[in-house]
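Here's the letter readout for the chains.
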Amino acid sequence: MTKVEDAVVAPAPADRETAPTAGPAAAGTSRSGRGRGLIGRLNAGVAAAPVLFTDAAVLGFALWTLLYHLNLGLDLRPSVVFIGWVVLLPVVAYVTWKLRQRDEVVRPADDEPASAPAEPPVDRTALLRRYALPLGSALGAALFASLGTGTVTWWLAIGLGLVSVISAWLAVSRRAAAVDAGAAPASRGTTPAQGWVVLVVSLAAAYFATLIGRVSLDDVFYVGKSVWVAERDEIPFRDFLFTEGVLPAGSANPPLPSFEVFIGAMARVLHVHAASATWYLLLPVLAVFAIFALWRLVQRWAPRRPLVAFGVAAAYILLVAYFADSLNTYHLPRLTQGKSVFVHALIPLAWVYFTDYLERRSRRSLILLTLLSVASVGYTTTAVMLLPLIGAAAGAALLATRRLRDAVLCFAAVSLYPVLSGALVQVLRGGIETTVATYAPLLPLRTIYELTLWLGILGVIAGLAVWWSPLVLRAGAPRQLAAGAVLAVTVLLIPGILKVAGDLSGLRAVLWRVPWILPVPALVGMLAVVRLPRLPQLARVNRVLAFALPAVLVCIFYTQGKPMWKDDMVQTEPTWRMPVARKASSFWIKRLDNRPPGLVLAPSSVMRSLPEVTTEVRVVLPRDLYLTDYGIDTQFSRDRLLLARLADADRTVSIYEADGAMRRVGVSTVCVWKSNTLVADAAPYLGLELIASRNPPGAMNCYRTTASPTPGG
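Rules used in this analysis
Residues numbered from 1 in each chain as written. Predicted model: local features only at pLDDT ≥ 70, side-chain atom pairs only at ≥ 80, totals over all residues. Heavy atoms only, no water. Helix = DSSP H or I, 4+ residues; strand = E, 2+ residues; numbered from the N terminus. Contact = heavy atoms within 4.5 Å. Areas by Shrake-Rupley, 256 points an atom, 1.4 Å probe, with all protein chains shown as cover. Core = buried A, V, L, I, M, F, W, Y, C linked by side-chain atoms within 4.5 Å. Buried < 20%, exposed > 50% of the residue type's maximum accessible area, 1.4 Å probe, protein only. Axes fitted to C-alpha atoms, helices over the stretch in contact; angles between N-to-C directions. Parallel < 35°, antiparallel > 145°, perpendicular 65-115°, else oblique. Nonpolar A, V, L, I, M, F, W, Y, C, P; charged D, E, K, R; others polar. Disulfide = S-S within 2.5 Å. Phe/Tyr/Trp six-rings, centres within 6.5 Å; stacked < 30°, edge-to-face > 60°. Lys NZ or Arg CZ within 6 Å of the ring centre and 35° of its normal. Polar contact = N/O pair within 3.5 Å; in protein donor to acceptor, adjacent residues only side chain to side chain. Pairing = 2+ DSSP bridges. Left-handed = near helix turned anticlockwise from the far one by under 90°. Patch = residues over 30% accessible without salt bridge, like charges linked within 9 Å, V, L, I, M, F, W, Y side chains within 5 Å. Salt bridge = Lys/Arg side-chain N within 4 Å of Asp/Glu carboxyl O.

Draft legend 1. Just the overall build of the protein chain, in detail. Each helix and strand counted, the protein chain has 28 helices and five strands in total. For the protein chain, the proportion of contacts with a sequence separation of at least 24, taken over those separated by at least 6, is 79%. Element-wise, carbon and sulfur atoms account for 64% of the exposed surface of the protein chain, whose accessible area totals about 28,800 Å².

Draft legend 2. Expanded view of the nonpolar core. If you look at the biggest cluster of nonpolar residues, it comprises 156 residues, and the most contacted ones within it are Trp64, Phe262, Leu332, Trp351, Phe354, Trp467 and Phe557. Looking at this core element by element, the count peaks at 19 residues for helix α11 (residues 274–301). Discounting chain neighbours no more than four positions away, the residues touching tryptophan 351 are Leu297, Trp301, Ile390, Ala394, Leu481, Ala485, Ile517 and Pro519. Residues Ile589, Val667, Val670 and Tyr703 belong to the second largest nonpolar core, which totals 51 residues.

Draft legend 3. Structural view of the packing of helix α9 (residues 219–232) against α11. Taken N-terminus to C-terminus, the directions of α9 and α11 make an angle of 120°; their axes are 8 Å apart at the nearest point. Judged on the interaxial angle alone, α11 and α9 are oblique. On α11, the residues touching Asp219, Val223, Ser226, Val227 and Ala230 of α9 are Ala274, Ala275 and Trp279. Here the contact of α9 with α11 is built from residues that sort into six nonpolar, one polar and one charged.

Draft legend 4. How the structure looks around the state of the cysteines. Going through the model one piece at a time under the given rule, you end up with one disulfide. Cysteine 671 shares a disulfide with cysteine 702; S-S distance 1.9 Å. Taking the sign of the torsion about the S-S bond as the criterion, the disulfide between cysteine 671 and cysteine 702, at about 110°, is right-handed. Remark: cysteine 702 occurs in strand β5 (residues 700–705) and cysteine 671 occurs in strand β3 (residues 667–673); sequence separation between them is 31 residues. Residue class for cysteine 702 comes out buried when judged on its relative accessible area of 0%.

Draft legend 5. Summary view of the packing of aromatic side chains. Summed over the entire model, instances satisfying the criterion amount to 31 aromatic pairs. Judged by centre distance (6.0 Å) and plane angle (70°), the rings of phenylalanine 242 and phenylalanine 636 are edge-to-face. Of this pair, phenylalanine 242 sits in the loop between α9 and α10 (259–270) while phenylalanine 636 is found in helix α26 (residues 635–647), placing the two residues 394 residues apart along the sequence. Each member of the pair, phenylalanine 242 as well as phenylalanine 636, is classed as buried. Over the aromatic face of tryptophan 228 sits the side chain of arginine 232, whose NZ or CZ is 3.9 Å from the ring centroid. Seen from the ring of tyrosine 357, arginine 361 lies directly overhead, with NZ or CZ sitting 5.8 Å from the centre.

Draft legend 6. Representation of the side chain of serine 585 in the model. You can see serine 585 is positioned in helix α24 (residues 580–590). Using a relative accessible area of 0% as the deciding quantity, one classes serine 585 as buried. There is a polar contact of 2.9 Å between the side chain of serine 585 and the backbone oxygen of alanine 581. Sequence-distant contacts of serine 585, that is, excluding residues within four places in its chain, are made with Trp673, Arg694, Gly698 and Met700.

Draft legend 7. View of the pairing of β3. Of all seven residues making up β3, six are buried, and the element is well covered by its neighbours. As defined by bridge partners, strand β1 (residues 599–601) adjoins β3 across three bridges and the pair is classed as parallel. Within β3, the residue paired with valine 600 across the bridge is threonine 669. As defined by bridge partners, β3 adjoins β5 across five bridges and the pair is classed as antiparallel. When the sheet's bridge partners are listed, threonine 669 is paired in β5 with arginine 704.

Draft legend 8. Representation of the packing of α10 against α11 in the model. Where α10 meets α11, the closest approach of the two axes is 9 Å, and the angle between their N-to-C directions is 115°. Judged by the angle between their axes, α10 and α11 are roughly perpendicular. For the crossing formed where α10 meets α11, the hand is right-handed. Facing Phe259, Phe262, Ile263, Met266, Ala267 and Leu270 of α10, the residues of α11 in contact are Ala274, Ala277, Thr278, Leu281, Leu282 and Leu286.

Draft legend 9. Structural context of the sheet that holds strand β2 (residues 618–619). Pairing within the open sheet is mixed, and its five strands lie in the order β2-β1-β3-β5-β4. Each of the sheet's edge strands pairs with one partner strand only, and the pair in question is β2 and β4 (688–694). Pairing of β1 with β2 involves two bridges; the strand directions are parallel. The residue bridging valine 600 from the neighbouring strand is valine 619, located in β2. Along the sheet, α26 contacts β1 and β3; its crossing angle with β1, the most-contacted strand, is approximately 45°.

Draft legend 10. Structural context of the pairing of β4. Looking at chain direction, β4 and β5 are connected through six bridges and run antiparallel. Note on β5: the bridge partner recorded for alanine 692 is cysteine 702. Between β4 and β5, which pair antiparallel in sequence order, lie five residues; one of them, glycine 698, sits at a positive phi of approximately 75°.

Draft legend 11. Region of the structure containing a nonpolar patch on the surface. A surface patch of nonpolar side chains, amounting to about 370 Å² of accessible area, comprises Leu70, Leu74, Leu76 and Val80. For leucine 76, the location among the structural elements is in the loop between α3 (37–74) and α4 (78–99). With a relative accessible area of 42%, leucine 76 lands in the partly exposed category.

Here it is, written out as structure tokens:
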């Protein structure tokens, strides 16, 4: 009978790892491969770096998050909590070392060694009968989802997607897919050669990340919160953008995430600016973390040639990452935002820990999975929603193979802390609705697909990577887990399901992130190592595909996607994520000695930058999106929107209305570009007196108001 692994993407004998207990010859091969002396130790350290670094990062930030959540009751200074965390770091290092399991891996030197056992004959009829339906329906699903435009094509896409996942699950032998609890699977470790390649890529990504000049509108909140913590050594539980704690916290400022507080506390202890700590210190570390996490997942799930799959996945991230809110845009361009670390580092690591636990019965992996859930909540409140979904997806796949105990353990490990912490927030902080934005409706389902998987030819490729994954990945736990995750996402994209979930939970604005549980870049990379069934007449075709398929995929990414560096968004040296002129103008406003106390009105771009520079300057409108938390139609919001238009030289603004708005809001200083003649002409009527002028770059005039504010504004 034809085996599944022989039918579609079976690893050749050379691809199968040999366990370290294979015998003395294997042990000798392993020792000689590592070498001796200093070079050998260096190579061994490089090979172990991805595991050690990522596990230590998970442990370290989980510890910080636990201390932070404990401090919600103790109310200590963030800097004190940070120092306590540093003191406990040696314990983290020790635990990381003790939890680490060094797996010796023996890899045959040749792709098809002479000693390889004879392969069983391939039954072409059985192949067609078993795989025509899942492969064909997945292709149809990807085409309808990516190229369709209407409701009918979306229903066809989801229907075919369900057929693909279910038929693929039935096609894959459950006996082959489920790992026997008593059997030790082949160990898959990083070789020194692979370790050096991954290390070089990660360091290059770390440096490149500091050069990206792409501005994210969300930075005003994330960096601004860190600046607040660094300058005031306190956690802003209430509004810190429009007022100094007068208004309640907006939907973007729940108490659960600890990431921005960590940056601010670190900056205060190290006596550096919080923005510098964000962009110059932490960003490179996070880039290495994300690249290592990608490698670990690819190395654990790839059926063969993991370096090729890793390279294609990295190319996909770099070359298909331009549009706002698309999946890969949350990588290097936005990696200092906690949700970006979650989707590109912690979700891949969660699948790695699932795989290691199921295949090795590793308590270490189960412990790390639990700590990963703690760290995830510290990075983003999105984890409160997505981690239980990941646990349910993995649990469903395990229940299908009657592994009830494993299903319960895996679900509990990844879901317990997010669920309990979310419930605690609801009890103590006035409701779970404060942990997510509720101002936006649920996005259309095809838009949700586009934000994670794209449309057009790129969407077809990503769709195939997702719906083919139960057949493409390495046999065993990877196929099981992929099938569960793909089935969960496909079911949730059935029209009406997410709407009901949003109505029940109030999470409509963030439900578009549901497909984030799929490690799409890694799955796309797996397509590069797909090969046809090993029929004699297809041997030459497979050799061609081995080189052509990765090249074709990268070529499509380059021609059809838009890279991170498009539109001259790469600087010549490390930079803050704001233009030089805007940064200089913001610091100039901060340093004005004759600036009266009160709110500053400036161009919208400068008002978004000032909270990232200092908390000493309060601005009229840090970002218009956040006004929705306080009522977009209220006088509070209308006045600020009107004044921002005035500062941006919108000549449709009524000067009479602007005068009233300035009095109600309490504007004390108006700083505008010198090119803004609207304010200069209206200065006498508005009661503005020039107090400072700045030459290029960022040529600007600043005025102080002489009119008295209106009480009650």
